[in-house]
Amino acid sequence: MEVTKRKARALGLCSGGLDSRLAAKILQMQGIDVYLITFETPFFSAQKAREAAKQLGLPLEVANITDIYLTMLRNPPCGYGKHMNPCLDCHALMFRLAGETMRKKGFDFLFSGEVLGQRPMSQTRSSLRYVEKHSGYDGYILRPLSALQLGETIPEKEGWVDRSRLLGITGRGRKDQMVLAEQFEITDYPSPAGGCLLTDKGYADRLRDLFAHQETTSESELHLLKYGRHFRLESGAKIIVGRTKPENEALETYADPAKDTRLWLHKKPGPVCLVTAGADETTVKLAASLCVGYSKTPQEIPTEVRVKAPDKETRIQVLGMAPDLFKAFLL
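Enquirer: Lay out the packing of aromatic side chains in plain terms, naming residues and giving numbers.
Expert: Within a pair of aromatic rings, the relevant descriptors are the distance that separates the centres and the angle that separates the planes. Using the criterion set out here, one finds eight aromatic pairs in the structure. Judged by centre distance (5.8 Å) and plane angle (90 degrees), the rings of F231 and F326 are edge-to-face. Of this pair, F231 sits in strand β6 (residues 229-232) while F326 sits in the segment after β11 (313-318), placing them 95 residues apart in sequence. Judged by relative accessible area, which is 1%, F231 ranks as buried. One aromatic cluster is present, built from ring pairs that chain together F43, F44, Y69 and Y203. A cation sits over an aromatic face here: R9 above F107, 4.3 Å from the ring centre. Directly above the aromatic system of Y140 lies the positively charged group of R103, at a separation of 5.0 Å from the ring centroid.

Below you can see the structure in the form of structure tokens.
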């Protein structure tokens, strides 16, 4: 009696870029059951991965890993990149979490769209080995686009994957990937731009400041770092001033009504301002003056500002303060 060989099942880490899509297609061409997983935090979104999964017609699991990510981010064993990006430990963490899902749901191995040499810090040979060793799933991580340039993995040794049908792409060029995309009829895919806020200097500076002043951080506070002008006063208090209507709306969305104080001009256009947890009377008045200063209201005329604190709502009259006077405190 002939025994039907069970299909191998692969779980792929999907960023949503072209390389992730190609890696999935290469394994599908071998008859492997392919599933995708992606992770999200306030620093990076799962939107591109959702679009990729839809395009490929593959199931996708999305997991918010903010809490566990923050623990790693405060003290990454391998340190940071140029700003606050812990790329190697980030990748190791994601493979570890994906590996836990692999074990739990009966997948045979993990894969990704990483290309050897594509990124000078996080995709060198030694970097890929660091990630694999520290993920806890050494040998179970396949990188189909560069497999022929890397050591043989367990999926290949066990015959779940035909190594001869994998690729050996290296370097930062995209020519080989674009040829493959045409062959697989993948025509709509994002450009290879970075999507992690931790690589952005402005965001990283604000995050570093937040870590320096707080032992714990909420997800909403991490989102707030994306919007407005941020001022850290000598007292340790922080004021955030919206720059546009969408930013004003974002500040309202992510403000914590149980801790933060919100300010805005009464019956006049202007920014929304936040004073984060622990606003005293002096800080509130400064924030109100800054709120007026960033509006088009004449600074020499007393202007009424609404102040909504966690325990009460009041109105105060203040003179506007020129924003230039606060430049030294701007993050």
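Enquirer: Which residues make up the pairing of strand β2 (residues 33-40), and what values do they have?
Expert: With five bridges connecting them, strand β1 (residues 9-13) and β2 associate as parallel partners. Looking at β2, one finds that L13 is bridged to I37. The β-α-β motif built from β1, the intervening helix α1 (residues 18-28) and the parallel element β2 has right-handed crossover chirality. Examined bridge by bridge, β2 and strand β3 (residues 60-64) share five bridges and lie parallel to one another. Looking across to β3, one finds that F39 is bridged to A63. In this view, the connection linking β2 to its parallel neighbour β3 by way of helix α2 (residues 47-56) has right-handed handedness.

Enquirer: I'd like to hear about the sheet that holds strand β7 (residues 238-241), residue by residue, with values.
Expert: Taken in spatial order, the six strands make up an open sheet running β6-β7-β9-β8-β10-β11, and their pairing is antiparallel. Each end of this open sheet is capped by a strand with a single partner; those strands are β6 and β11. Across this sheet, the average inter-strand angle for adjacent strands is 20 degrees, counted without regard to direction. When strand β8 (residues 261-265) meets strand β10 (residues 303-308), the two strands line up antiparallel, connected through four bridges.

Enquirer: Provide a residue-level description of the environment of P59, including the pertinent values.
Expert: With respect to the helices, strands and loops of the structure, P59 is situated in the loop between α2 and β3. Here the alpha-carbon distance between P59 and V34, two residues 25 residues apart in the chain, equals 8.2 Å. Not counting chain neighbours up to four residues away, the residues in contact with P59 comprise V34, Y35 and L36.

Enquirer: Could you give me a rundown of empty space enclosed by the protein, with the residues and numbers involved?
Expert: All told, the structure shown has one cavity of 30 Å³ or more when counted by the stated rule. Taken as a whole, the largest cavity encloses approximately 60 Å³ of empty space. Sorting the residues of the lining of the largest cavity by element identifies α9 (219-224) and β7 as the ones contributing at least two each. When the residues that make up the lining of the largest cavity are grouped by side-chain class, the tally is four nonpolar, two polar and three charged.

Enquirer: Which residues make up the packing of α1 against α2, and what values go with them?
Expert: Relative to each other, α1 and α2 sit at 30 degrees, their axes nearing to 10 Å. As α1 runs across α2, the sense of the crossing is right-handed. Contacts between α1 and α2 involve R21, A24 and K25 from the former and K48, E51, A52, Q55 and L56 from the latter. In terms of residue class, the contact of α1 with α2 is made up of three nonpolar, one polar and four charged.

Enquirer: Quick one: what's the story with the packing of helix α3 (residues 66-74) against helix α4 (residues 87-105), residue by residue and with numbers?
Expert: Following both chains from N to C, one finds α3 and α4 inclined at 145 degrees, their axes separated by 10 Å at the closest point. Crossing angle aside, the handedness with which α3 passes α4 is right-handed. Here I68, Y69 and M72 of α3 come into contact with α4, specifically with D89, C90, L93, R96 and L97. Each residue belonging to the contact of α3 with α4 can be placed in one class, and the counts come to six nonpolar, no polar and two charged.

Enquirer: Can you explain the nonpolar core? Please cite residues and give values.
Expert: Judged by nonpolar contacts, the single largest core of 36 residues is most densely connected at F39, F43, Y69, L73, L198, L207 and L222. Breaking this core down by element, the ones donating at least two residues are β1, β2, α3, α4, α5 (125-135) and α8 (201-213). Sort the elements by how many residues they give to this core and α4 lands first, with nine residues.

Enquirer: So what's going on with unusual backbone geometry? Residues and values would help.
Expert: Of note in this structure, E185 is not a glycine but carries a positive phi near 60 degrees. One non-glycine residue, K267, adopts positive backbone phi at about 60 degrees. Along the chain, K267 falls in the loop between β8 and β9 (273-275). Residue K267 is classed as exposed on the basis of its relative accessible area, which comes to 75%.

Enquirer: Got a sec to walk through the pattern of salt bridges? Specific residues and values, please.
Expert: Scanning the model with the defined rule gives 19 salt bridges in all. A salt bridge links D205 to K201, with the shortest nitrogen-to-oxygen separation between them at 2.8 Å. Of this pair, D205 and K201 both sit in helix α8, four residues apart, which is roughly one turn of the helix. Here R243 ties to E247 by a salt bridge, and the two come within 2.8 Å at their closest N and O atoms. Residue R243 is classed as partly exposed on the basis of its relative accessible area of 44%. Residue E247 is classed as buried on the basis of its relative accessible area, which comes to 11%. Salt bridges sharing common partners tie together E114, R129, E132, D138 and R143.

Calculation notes
- Residues numbered from 1 in each chain as written.
- Predicted model: local features only at pLDDT ≥ 70, side-chain atom pairs only at ≥ 80, totals over all residues.
- Heavy atoms only, no water.
- Phe/Tyr/Trp six-rings, centres within 6.5 Å; stacked < 30°, edge-to-face > 60°.
- Helix = DSSP H or I, 4+ residues; strand = E, 2+ residues; numbered from the N terminus.
- Buried < 20%, exposed > 50% of the residue type's maximum accessible area, 1.4 Å probe, protein only.
- Lys NZ or Arg CZ within 6 Å of the ring centre and 35° of its normal.
- Pairing = 2+ DSSP bridges.
- Right-handed = clockwise from strand over helix to strand, strands pointing away.
- Axes fitted to C-alpha atoms, helices over the stretch in contact; angles between N-to-C directions.
- Contact = heavy atoms within 4.5 Å.
- 1 Å grid on protein atoms, 1.4 Å probe; cavity = no way out; pocket = protein on both sides within 12 Å on 5 of 7 lines; lining within 4 Å.
- Points joined across faces, edges and corners; volume = space filled by probe spheres on them.
- Nonpolar A, V, L, I, M, F, W, Y, C, P; charged D, E, K, R; others polar.
- Left-handed = near helix turned anticlockwise from the far one by under 90°.
- Core = buried A, V, L, I, M, F, W, Y, C linked by side-chain atoms within 4.5 Å.
- Salt bridge = Lys/Arg side-chain N within 4 Å of Asp/Glu carboxyl O.

Any functional reading would require information beyond the geometric quantities listed.
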